[in-house]
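Summary of structural features
Listed here are the chains, written in short residue letters.
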Amino acid sequence: MEEEKEMLSRIEALINSKFETFEQRMSDTQKELSQSQLSHRQKCIKLTDSSEHGWNVVNEYEAHPLADNSDDEKKIYKAQMQAERKVQRERRTRSRRYAPYSLSGNPSSGTTPPTGTRSQAQMVNRKPGCLRVDCRVAQTESQVDKNIQISHFDSVFSCSKLNSGVSENEILLDTKLSNKTEMLSKSVPITSDNGDVLVSPVGRLRSSYKHWQAAGAGEYILDIVRNGYKLPFKKIPTSVELNNNKSARDNTAFVSKEIQNLLLKGCIREKQNIKEHLTFKVPRIYSINIKTDIQFRFATTLISSRVANPANYSQETLFDVILPEEAFISNFTLEIDGKIYPGIVKDKDEAKKEYEKAKKKGKTTGLVSQKPRDSRTFKVRVSVAAFSKSSFNLTYQELLKRVKGAYEHKVFINPGYPVDDIKISVAIQESRDITRLTVPPIKSLNELLTADVDFTENDLAVITRPTKRSAYIQYSASRNDQSTEGLSGQFIVQYDIDRSLDGGDVLVVNGYFVHFLAPDIQKAIPKDVLFVLDISGSMSGRKIIQLKEAMYVILDELEEGDRFNIITFNGNSKQYKSGMIDVTKDSLFKAKEFIHSVYANGWTDINKAVLDGIDVLKVSKQEGERSPIVVFLTDGHPTSGVQNDQQILQNINRDNEGEIPIFSLAFGSDADWSLVKKMAIQNDGVARKIYEDSDSDLQISGFYDELAVTLLNNVTVKYLGDSVEEQSLTKSEFKNYFQGSELVVAGKLNDAGAPTVNMEILSNSVEGSLILTGDKDLNFIDVSDTENLMDLSDFQTITEKTWAYLTIKQLLNRADGELNKTAVDIMKSKAKELSLQYGFVTPLTSMVVTKPEVDPNEWRPPTTTTTPKPTTARSYHRYGGGGYGGGGGGDPHYMIRIKNMEHPICFDVQSNDGEVHNLITDPRNKITINTQIISGLMGTDGEPKTYIGEVSIKMAHHILVITTSAIIFDTKVFPWTEEKLKHFGGHEFMLSDHGLLLTIRFKFGAEILIRRHVHKSTDTRANYLNIYVKHEDSFNKKTTGLIGQFVNGFKHIYLRKLFKNKSGQTMAKLQIKEGEKFPSIRENPIDTKDGVSRQRIPARLIQRSEVIEKGTEMCWMVHKKFIESLIGSREAFLKDDFIDIE
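Let us look at the structure shown here. Please read all numbers here as calculations on a predicted model, not as lab measurements. (Residues numbered from 1 in each chain as written. Predicted model: local features only at pLDDT ≥ 70, side-chain atom pairs only at ≥ 80, totals over all residues. Heavy atoms only, no water.)

Quick look at the state of the cysteines
For the coordinates displayed, the defined rule picks out one disulfide. Across a sulfur-sulfur distance of 2.1 Å, cysteine 906 and cysteine 1115 are joined as a disulfide pair. Residues cysteine 906 and cysteine 1115 share a disulfide whose torsion about the S-S bond is about 75°; that sign makes it right-handed. With cysteine 906 in strand S40 (residues 905–908) and cysteine 1115 in strand S56 (residues 1111–1117), the pair connects residues that are 209 residues apart, well separated along the chain. (Disulfide = S-S within 2.5 Å. Helix = DSSP H or I, 4+ residues; strand = E, 2+ residues; numbered from the N terminus.)

See below:
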């Protein structure tokens, strides 16, 4: 073995020595060869370009023996003449179209493809039909897949490498490349007699690779055996990948066949996912310009971005535009070829369909729709047409909130790569002097909170102050100011204005007003804070540690005079102390010890913990004027006790009755955010997500900072007289006014030309009742001489836009917290109506813009229509006398008062769960009253009892929905316990009898009375409603409906005969006459005389409960067998929709 190894070593050394000599000779030869070939190649190219016969001349030139330079001109002339004669012969003998080159061509046949051949392959040698020197024997035509077709030509073909070790900047040269050297002389190509098959000896050395490997050859030798000798280019050529040109598309059969042949030979390989390599063809943003106009806290931001698409096909660019949490997109336009195409706000589903339809046609389209799981992010899809530039302009608006003593405006920037042109400008115009203005450095998108306060300023931001009440900020970033990933972060502007103890600022423009209230109160109201903290098993680890750290900070922020307590809960709830604890150093120290001792384990009983907390604060509330709040934190879902979210919310609502605000925190992604949010909304609180990160403790303590100091309680803003449309008001009653915040109310004026409104603000302070009023000289903002620093918004519409914005936000917020589905539908319907009217993209709408196919005039931005004003109010006259015209309740049974009859008629209507009955439809007064049926316990006959569960009253401009839990007026929800009188459009409604009776008085005289029947929560019986109609003759004569038909003048009922039955009961025959115009539906025809139908039905005099007066009344009971004769077919009064929301 040793001898064999030594022998192999000697052989290897000898071979290496030989190859060193070989390499030197090869190098010298190749230098000479390269210079000669390059010169010759250049000459051939020039010859081709100068002759109309192209490469035919070159073929004839190379077919003759070499001539020296003196004979070269003669040789060229002779080649041109021979090429011309050959072309003429071919034209005479060939009638078919000339193919670029044949599959089986001979190098000397004159069909060598020119270098400009448009098949997508890179030429490595000049052999026809083969692009690599080691190509295998060509396949016959029968072996070529004849089914292959090229339709799109998006694939790119490049020359195969012999193995992965060959780099792209190297060309493969076999050692037997040219017959000009002795060692390469045996490499002449072999062609068969008929010229159909091309054979190459290249690769024979490689077939003996295993022999060389067994002989122990070194890696250098093995690499040459395996791959051949590699000669680097003197200059690395530029890599290029191109789509197929038009000639390839016009000759698909030929190109397909040739490409398939080359693939079978292994000469080329197909590159997949070609677009991933064409990074230079991806649409890119080359300009971003962001402008913000802040007018009296209402900010309008325009993002203008220009995108270029260098590809020859349309491509979609996806933008994730991050917006402030409270912002609404109000406009989106595309600029294409100098034309601007505006977006139209549409219903969400309709906009999505339109966008997909245009996208399939390759048109430039844009769609803006809100992501369902992230209320702060909007998705903008833009399809950019081939070889074009598009500019998209996205406008969003928001009302800036005052938090911790400052308004904060944020602009989010994240293009994903450096952009040449980035500019941001912000203009501020305020109602009072700007006392504080800062622009901190750009913060990262996910920057964590820190305990330290950053006072540094943004060096690239330039601030100018035209007046004391205005400011202008400019910011621009060059490429040097951006990272390799581009500019990414939050551009923030913070400011505040001067304050005083007054009624705030009121801005009145064109019939709308906005009222900003943030009085400068110096003394805080002592508060009672109850912390309800989740310590279940899911809080273990980092969460419980961060909760403890946050509580340490919060406890330190409690002021003397405040009181606190702590309830920790898992499957059980534990109260730290039996009552509220005064804040002292000792009590805080002991509370921290208690917090430190808790640990996470067990299940999660949210229901019991919150109810226990409410009970504790209810007791403390009776001890004096304080500000009670509950701070509730959980990280999961209820897993113990009551686990149904709706039942938990109902229990809390019942026990709390809206008295104590609940501020809720959802800790982590596993928390029940829906439950936490609804709980806060229903109880005048605020909900917040706490993200799991290293700054979770600062998020919790920061949230508490916002409500740490209460300045006013029970704030009510009243606008005196009839100057304001009451139903148009946004929220005007507030449980608390916290330090550093601001209260905002907006509404419409009855007189659009009124310059001011009379107002009064009632509240409780630490020193007792506080009443604030407005002064027309001090509190009303004059915009007539206000300078508009930026033309993004119009002063004439600023109040109306702010009102619409606030109304939509509050509607959506209340819909999130509402349990009644009917109320939710009404709120969302109204919010969607306003969104479409004012062009806001909300969770209910989307905006789509598409380049029109025919007429660009078909696309217009949304126009603001004038909301119809309610009917002019007039004084209400109470009608005297008269009983109840009719009504219904359990079963449901109905009682109808008939003119000239001593006792009313009563009857039951067989109903099913979920049915909708139309009771009254008055077309002239535009009143529609429907009822929805619910089922209850089984009756004695084995069938479920049915009741009236809900009542809807639709008027011309208002909707009233009455349920057993609440009264919904338009979009406002009133509890039954709120006994008050409310006027609207000349009508009024009033709650009385301890929340059990609702009276609705219409301006034309009729009254509707609805009594609520409720049971204890432990009672399994259904809660239901009774409805009665009073002064029914006030309805129009064309009134229809199950009850309304008896007052329209076409149906007459009277007693025909009285008698006693065998049991001694008083009976009667009721004569029913109906006019021709009465719209009844009957299965059986009725005899008529003179256009009037007549029939008699029996009735029995019985005693029934009269729930309105809480007594009994005698009535004529009609048996169910004769109900159709009395009211007509019941199908005539069944409706598909409980309320028709137009």
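Quick notes on helix H12 (residues 585–597)
With 13 residues, H12 should cover 18 Å at 1.5 Å per step; its first-to-last C-alpha distance of 19 Å lies within 8% of that length. All of the buried residues along H12 are Ser587, Leu588, Ala591, Phe594 and Ile595. Seen end-on, H12 carries its buried residues on one side only, within an arc spanning 115°. Opposite the packed face of H12, turned more than 90 degrees from it, sit the exposed residues Lys585, Phe589 and His596. Each element contacted by the buried residues of H12 is listed here: strand S25 (527–534), helix H11 (542–557), strand S26 (563–569), strand S27 (573–575) and strand S28 (581–582). (Expected span 1.5 Å × (residues − 1). Buried < 20%, exposed > 50% of the residue type's maximum accessible area, 1.4 Å probe, protein only. Arc of directions from axis to C-beta. Contact = heavy atoms within 4.5 Å.)

Brief notes about unusual backbone geometry
Trans peptide bonds make up most of the peptide bonds, and negative phi angles are found at most residues other than glycine. Phi is positive for phenylalanine 296, close to 55°, though the residue is something other than glycine. The topology assignment puts phenylalanine 296 in the loop between strand S7 (284–295) and strand S8 (298–309). Although it is not a glycine, aspartate 684 adopts a positive phi angle of roughly 55°. In this fold, aspartate 684 is placed in the loop between helix H15 (673–682) and strand S31 (687–690).

What about the pairing of strand S15 (residues 388–399)?
Burial runs high along S15: 11 of the 12 residues are buried. Sheet topology places strand S10 (residues 328–336) next to S15; eight bridges connect them, and they run antiparallel. Bridge pairing in S15 links phenylalanine 332 to leucine 394. (Pairing = 2+ DSSP bridges.)

Here we look at the pairing of S26
With seven of seven residues buried, S26 lies mostly within the body of the structure. In S26, alternate side chains face the same way, and those of Arg563, Asn565, Ile567 and Phe569 on one face and Phe564, Ile566 and Thr568 on the other are all buried. As paired elements, S25 and S26 share seven bridges and run parallel to each other. For valine 532, the partnering residue across the bridge sits in S26 and is isoleucine 567. With H11 bridging S25 and the parallel S26, this β-α-β connection has right-handed handedness. Sheet topology places S26 next to S28; two bridges connect them, and they run antiparallel. Looking across to S28, one finds that arginine 563 is bridged to aspartate 582. Inspection of the sheet shows S26 paired to S27 by three bridges, in the antiparallel sense. Its bridge partner lying in S27, threonine 568 is registered against lysine 574. Counting the residues in the hairpin turn of S26 and S27 gives three residues. (Right-handed = clockwise from strand over helix to strand, strands pointing away.)

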